Amino acid sequence: MKSGIHPDYHEITVIMTDGTEYKTHSCYGEPGATLRLDVDPKSHPAWTGVQRMMDTGGQVAKFNKRFAGIGTRTK
């Protein structure tokens, strides 16, 4: 490897959403830095298979009302 062109690769601590933590090597931050995850495989619906209803406050209904006329032609 050429010297001086590669980022510093060091050990950091990753904290998952449930509080568990593990050590890994990364270019993130400084040596000994902590990376807190907002989404991880234990909580993301793509991995868990649990879906949540996202229509809080009628967002879908509001969207449908706002864009109901798009695609229809008027003469």
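Residues numbered from 1 in each chain as written. Predicted model: local features only at pLDDT ≥ 70, side-chain atom pairs only at ≥ 80, totals over all residues. Heavy atoms only, no water.

1. Topic: the overall build of the protein chain
In terms of regular secondary structure, the protein chain is built from two helices and three strands. Put simply, the protein chain runs from its N terminus to its C terminus through helices and strands in the order β-β-β-α-α. When each of the 75 residues of the protein chain is scored for burial, the buried share is 12%. Counting only contacts in the protein chain whose residues sit at least 6 apart along the sequence, the fraction spanning at least 24 positions is 8%. Accessible area for the protein chain stands at about 6,900 Å²; split by element, carbon and sulfur atoms hold 55% of it. (Helix = DSSP H or I, 4+ residues; strand = E, 2+ residues; numbered from the N terminus. Buried < 20%, exposed > 50% of the residue type's maximum accessible area, 1.4 Å probe, protein only. Contact = heavy atoms within 4.5 Å. Areas by Shrake-Rupley, 256 points an atom, 1.4 Å probe, with all protein chains shown as cover.)

2. A look at the packing of aromatic side chains
What the rule picks out here adds up to one aromatic pair. With centroids separated by 4.9 Å and ring planes inclined at 50°, the aromatic side chains of Phe63 and Phe67 adopt a geometry described as tilted. Residue Phe63 is classed as partly exposed on the basis of its relative accessible area of 49%. (Phe/Tyr/Trp six-rings, centres within 6.5 Å; stacked < 30°, edge-to-face > 60°.)

3. With respect to a nonpolar patch on the surface
A cluster of nonpolar residues, Phe63, Phe67 and Ile70, forms a patch on the protein surface that exposes about 320 Å² of accessible area. If you trace the backbone, Phe63 turns up in helix 2 (residues 59–66). (Patch = residues over 30% accessible without salt bridge, like charges linked within 9 Å, V, L, I, M, F, W, Y side chains within 5 Å. Salt bridge = Lys/Arg side-chain N within 4 Å of Asp/Glu carboxyl O.)

4. Focus on the pairing of strand 2 (residues 21–26)
Across six bridges, strand 1 (residues 10–15) lies against strand 2 in antiparallel orientation. If you follow Thr13 over to strand 2, its bridge partner there is Lys23. (Pairing = 2+ DSSP bridges.)

5. Some details on the environment of Thr20
Position of Thr20 among the secondary structure elements: in the loop between strand 1 and strand 2. Dropping the residues within four chain positions of it, Thr20 is found in contact with Val14, Ile15 and Lys42. Reaching out from Thr20, the side chain makes a polar contact with the side chain of Asp18 at a distance of 2.8 Å. (Polar contact = N/O pair within 3.5 Å; in protein donor to acceptor, adjacent residues only side chain to side chain.)

6. Things to note about the sheet that holds strand 1
Across the sheet, three strands lie side by side as 2-1-3; this open sheet has mixed pairing. Each edge of the open sheet is held by one strand with a lone partner, namely strand 2 and strand 3 (34–36). Here the average twist between neighbouring strands, direction ignored, is 35°. In the sheet, strand 1 pairs with strand 3 via three bridges, with the strands oriented parallel. Along strand 3, the bridge assignment pairs Ile15 with Arg36. (Axes fitted to C-alpha atoms, helices over the stretch in contact; angles between N-to-C directions.)

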